[in-house]
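Residue strings, one per chain:
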Amino acid sequence: MINRIGVVGLGYVGLPLACAFASKFFKVIGLDTDSEKIELIKKGETPIHEEGLQELLKKVLEEGSLKVTSSYREMIEESDACFVCVGTPSNPDGSVDLRYIKEAVEIIGETLRWVDKYFLLIIRSTIPPGTTSNLIKNILEERSGKKLGQYGLCFNPEFLREGRALHDIFNPDRIIIGAIDEKSRELLLDIYKRFHGESMPPVLITSPINAELIKYASNVFLATKISFINMISQLCQRLPNADVKVVADGIGMDKRIGREFLDAGLGWGGSCFPKDVKAFLKFGEEMGLRLKLVESIIEINESQIENAVKLAKELVGGLNGKRISILGLAFKPGTDDVRESRAIRLIEELLKYDVEIRVHDPKALEKAKKILGDGVTYCKTIEECLTSSDLCILATEWPEYKELNQELLRKYMRNPALLDCRRLYDPEGFKEIKFAAIGLGLREMKSMRV
Ligand code: UDX
């Protein structure tokens, strides 16, 4: 039975996981090589924005069930299993850069050589199919001088959504265990049984390669669902009276399809979908298979930016000389993360015109500044962002933007016009100003019959 757990890499995946385990009878030691991050966490401050994480971090630190370090030796001495949650970013060609995971496993292997105990390594970083059984196992055996049985190894994917990480850790739809042998499987299963207790979710036990494929296939499938509805949205825009939102509701009522991930908009962004979709495409290529469906969903995702720019131009009669207000910069609501944010992509595209851009986001202004620099004006309030503007574009559907109405737009904007790129608003509420939305048939065509 394993009671002491290590977590390597205290980012969006690792830190919530460490705090969650520490809140449920486990002694946890978290490791990160970034010493500034470690100092911050020691003070009880989270380097990332995650719902409920700040409070939980403080609690587990005070209770003494979580400790953090930069030393692998300390982590291995004070744990019997560790979850590896380091980043697996993309190489310029879209393939996975395994540098950080290799480094982590090499040091863990070298440290294990001098430690006389069984140790279970659980890989949680997203890695191409085959990596656990080939690369990771080989590095570990070579560096530690140990054989399977003296150590254990599993690939155990995470399906956490950013902003909802703690919720998803405590209430997952399923647990996938890709174990290399029976002992590793039983030990990891036991960790989860004790963690979830009565509310243990369904478990699928399989080989590492299937588990690795499940992780990629899940993300690619969800991205496909979004690109599918975005394709329908482009069609709807060409059809008077058509509305992608209603179409999505209708499709989603079929239980075999489901309504989730059918929200049309600027497309999928974030730290996972873009990276994993490209890596999957590359992986197919390496296997001698051209994944045409995956190529298409990337193409549709990109075309939603052009689609939004075209809608904006049509709505205000050309962009040059216009002042544009962008509401929302995070890649989705509830996070300060702007990685691969579609809002940022849209701004970059708009900046190719002679426009002045003002931006607002409840959480992501600081992170957006690092990408957009001095090219745009950063506003602390929605009103400030709207001031004297000719076009307001809703790019990320934060709940606070729902309060927007045509009176407010009229009051602050020079020429009130709203482009809803996330389908947050009821078009009925904006009848007196220029209004357009992704996936909505043009209003002036409404009287036409098809
Ligand atoms: C995703 C997966 O949901 C999660 O299981 C995986 O572990 C990591 O990747 P996350 O990136 O946090 O999680 O965000 P998610 O909520 O899935 O949204 C991803 C992107 O798709 C966002 O840009 C979002 O705006 C977009 N999206 C989502 C849509 O455009 N339409 C939808 O219907 C749903």
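Residues numbered from 1 in each chain as written. Predicted model: local features only at pLDDT ≥ 70, side-chain atom pairs only at ≥ 80, totals over all residues. Heavy atoms only, no water.

A. Just the site of the ligand, in detail. Taken together, 19 residues surround the ligand, and among them Phe159, Leu160, Glu162, Asp263 and Gly269 come closest. Residue lysine 215 places a side-chain N or O atom 3.5 Å away from an oxygen atom belonging to the ligand. Within the backbone of aspartate 263, an N or O atom sits 2.8 Å from an oxygen atom of the ligand. With three residues, helix α9 (residues 208-237) is the single largest residue contributor to the shell around the ligand. Of the residues assigned to the shell around the ligand, the class counts are nine nonpolar, three polar and seven charged. (Near = heavy atom within 4 Å. Polar contact = N/O pair within 3.5 Å; in protein donor to acceptor, adjacent residues only side chain to side chain. Helix = DSSP H or I, 4+ residues; strand = E, 2+ residues; numbered from the N terminus. Nonpolar A, V, L, I, M, F, W, Y, C, P; charged D, E, K, R; others polar.)

B. Local environment of the pattern of salt bridges. Applying the stated criterion to the full structure yields 39 salt bridges. Note that arginine 73 is salt-bridged to glutamate 77, the shortest N-O span being 3.3 Å. Taken together, the residues arginine 73 and glutamate 77, both in helix α4 (residues 72-77) and four residues apart, mark about one turn of the helix. With a relative accessible area of 39%, arginine 73 lands in the partly exposed category. Residue class for glutamate 77 comes out partly exposed when judged on its relative accessible area of 44%. Between glutamate 186 and arginine 185 there is a salt bridge whose closest N-O contact spans 3.2 Å. Residue glutamate 186 is classed as partly exposed on the basis of its relative accessible area of 38%. Of the residues examined, arginine 185 reaches a relative accessible area of 25% and is grouped as partly exposed. (Salt bridge = Lys/Arg side-chain N within 4 Å of Asp/Glu carboxyl O. Buried < 20%, exposed > 50% of the residue type's maximum accessible area, 1.4 Å probe, protein only.)

C. Main features of the layout of surface pockets. The calculated volume of the second largest pocket comes to roughly 270 Å³. For the second largest pocket, the lining is made up of 15 residues, of which Asp336, Leu365, Glu366, Lys367 and Lys370 are closest to its centre. For the lining of the second largest pocket, the leading source of residues is helix α14 (residues 365-372), giving six residues. Each residue belonging to the lining of the second largest pocket can be placed in one class, and the counts come to six nonpolar, no polar and nine charged. (1 Å grid on protein atoms, 1.4 Å probe; cavity = no way out; pocket = protein on both sides within 12 Å on 5 of 7 lines; lining within 4 Å. Points joined across faces, edges and corners; volume = space filled by probe spheres on them.)

D. Summary view of the confidence of the model for the protein. Per-residue confidence for the protein gives a mean pLDDT of 96; residues scoring 70 or more make up 98%. The model gives residues 445-450 a pLDDT under 50, and that stretch makes five contacts with residues more than four places away or in other chains. (pLDDT = per-residue confidence, 0-100. Contact = heavy atoms within 4.5 Å.)

E. Up close: the nonpolar core. Among the nonpolar cores identified, the biggest contains 64 residues, and Ile326, Leu391 and Ile393 are the most heavily contacted of them. In terms of residues, this core owes the most to one element, helix α12 (residues 292-316), which gives seven residues. Not counting chain neighbours up to four residues away, the residues in contact with isoleucine 326 comprise Ile347, Leu350, Ile357, Arg358, Val359, His360, Cys385, Ile393 and Ala395. Ile48, Ile177, Ala179 and Tyr192 belong to the second-largest nonpolar core, a separate cluster that totals 43 residues. (Core = buried A, V, L, I, M, F, W, Y, C linked by side-chain atoms within 4.5 Å.)

F. Just the packing of aromatic side chains, in detail. Under the defined criterion, the tally for this structure stands at 10 aromatic pairs. Ring centres of phenylalanine 21 and phenylalanine 26 lie 5.3 Å apart, and the angle between their planes is 85 degrees; this geometry places the pair in the edge-to-face category. For the ring pair tyrosine 216 and phenylalanine 280, a centre distance of 6.0 Å and an interplane angle of 20 degrees mean the geometry is stacked. With a gap of 64 residues between them, tyrosine 216 in helix α9 and phenylalanine 280 in helix α11 (residues 273-286) connect regions that are remote in the sequence. Accessibility classification places tyrosine 216 together with phenylalanine 280 in one group, the buried group. The lysine or arginine in question, arginine 174, covers the ring of phenylalanine 159, its NZ or CZ lying 3.6 Å from the ring centre. Above the face of the tyrosine 378 ring, lysine 369 is positioned so that its terminal group lies 5.3 Å from the ring centre. (Phe/Tyr/Trp six-rings, centres within 6.5 Å; stacked < 30°, edge-to-face > 60°. Lys NZ or Arg CZ within 6 Å of the ring centre and 35° of its normal.)

G. Representation of the sheet that holds strand β13 (residues 417-420). Read across the open sheet, the six strands follow the order β11-β10-β9-β12-β13-β14; overall the sheet is parallel. Sheet topology places β11 (377-378) and β14 (434-437) at the edges, where each strand pairs with a single neighbour. For strand β10 (residues 356-360) and β11, the ladder comprises two bridges, and the chain directions are parallel. Among the inter-strand pairings, valine 359 is bridged to a residue of β11, identified as tyrosine 378. Packed on one face of the sheet, α12 meets β12 (391-394), β13 and β14 and runs near 160 degrees to β13. (Pairing = 2+ DSSP bridges. Axes fitted to C-alpha atoms, helices over the stretch in contact; angles between N-to-C directions.)

H. Spotlight on the packing of helix α5 (residues 99-113) against helix α6 (residues 132-144). α6 packs onto α5 with a crossing angle of 35 degrees between their chain directions and a minimal axis gap of 7 Å. Our pair here, α5 against α6, has a crossing hand that is right-handed. Counted together, Ile101, Lys102, Val105, Glu106, Ile108, Gly109, Glu110, Leu112 and Arg113 of α5 and Leu135, Ile136, Ile139, Leu140, Glu142, Arg143 and Ser144 of α6 form the full contact between these two elements. Looking at side-chain class alone, the contact of α5 with α6 contains eight nonpolar, two polar and six charged residues. (Left-handed = near helix turned anticlockwise from the far one by under 90°.)

I. Seen up close, helix α1 (residues 14-22). In terms of burial, α1 is largely enclosed, as nine of its nine residues are buried. Inspection of α1 places Gly14, Leu15, Pro16, Leu17, Ala18, Cys19, Ala20, Phe21 and Ala22 among the buried residues, and these make up the whole buried set.

J. Layout of the pairing of β13. Here β13 shows no split at all, with Ala417 and Leu419 on one side and Leu418 and Asp420 on the other all buried. Bridging between β12 and β13 involves three bridges; their strand directions are parallel. Note on β13: the bridge partner recorded for leucine 394 is aspartate 420. Assessed by its sense of winding, the connection that carries the chain from β12 through helix α16 (residues 406-412) to β13 is right-handed. (Right-handed = clockwise from strand over helix to strand, strands pointing away.)

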